[in-house]
Amino acid sequence: MGPKTRAAAWSVSVAAGLTALKVAATLLTGSVGILASLVDSGMDVLASAVNFFAVRAAERPPDAEHRYGHGKAESLAGLVQGLVILASGAAVG
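Residues numbered from 1 in each chain as written. Predicted model: local features only at pLDDT ≥ 70, side-chain atom pairs only at ≥ 80, totals over all residues. Heavy atoms only, no water.

(A) Representation of a nonpolar patch on the surface in the model. Among the surface-exposed residues, Trp10, Val14, Leu18 and Leu21 lie close enough to one another that they form a single nonpolar patch of about 460 Å² accessible area. Here Leu18 shows up in helix H1 (residues 3-29). (Patch = residues over 30% accessible without salt bridge, like charges linked within 9 Å, V, L, I, M, F, W, Y side chains within 5 Å. Areas by Shrake-Rupley, 256 points an atom, 1.4 Å probe, with all protein chains shown as cover. Salt bridge = Lys/Arg side-chain N within 4 Å of Asp/Glu carboxyl O. Helix = DSSP H or I, 4+ residues; strand = E, 2+ residues; numbered from the N terminus.)

If you want it as structure tokens, here you go:
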């Protein structure tokens, strides 16, 4: 596992940990503000997971089907994240 993949894995772990803490805080307090932050953290977990899988795919060496490697996986992850942000903005609107 390369350094970019390790960093992406840490990102998923931290986002998931924060989400778990916010779930507990929401259940304990019933706060709508913490609930809103929880939803945002859930989106962070999704974005971090997409990044993790994209970085892991991009690290693979070139093969017969992808002569120039798999680096475009990271660009596709950016597209997915943009669509998630667009969808969440539309839902809020």
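(B) Region of interest: the pattern of salt bridges. The final tally for this structure, using the stated rule, is one salt bridge. Two residues, Glu74 and Lys4, come together in a salt bridge whose shortest N-O distance is 3.1 Å. One end of the pair, Glu74, is in helix H3 (residues 72-92); the other, Lys4, is in helix H1, and 70 residues separate them in sequence. Looking at Glu74, the relative accessible area reads 32%, which means it is partly exposed. (Buried < 20%, exposed > 50% of the residue type's maximum accessible area, 1.4 Å probe, protein only.)

(C) Representation of the packing of helix H2 (residues 32-58) against H3 within the structure. Direction vectors running N to C along H2 and H3 enclose 165°, while the axes themselves pass 8 Å from each other. Compared by their axis directions, H2 and H3 come out roughly antiparallel. Crossing of H2 over H3 shows right-handed handedness. For the pair H2 and H3, contact is made by Met43, Leu46, Ala47, Val50, Asn51, Ala54, Val55, Ala57 and Ala58 and by Ala73, Glu74, Ala77, Val80, Gln81, Val84 and Ser88, respectively. Considering only residue class, the contact of H2 with H3 consists of 12 nonpolar, three polar and one charged. (Axes fitted to C-alpha atoms, helices over the stretch in contact; angles between N-to-C directions. Parallel < 35°, antiparallel > 145°, perpendicular 65-115°, else oblique. Left-handed = near helix turned anticlockwise from the far one by under 90°. Contact = heavy atoms within 4.5 Å. Nonpolar A, V, L, I, M, F, W, Y, C, P; charged D, E, K, R; others polar.)

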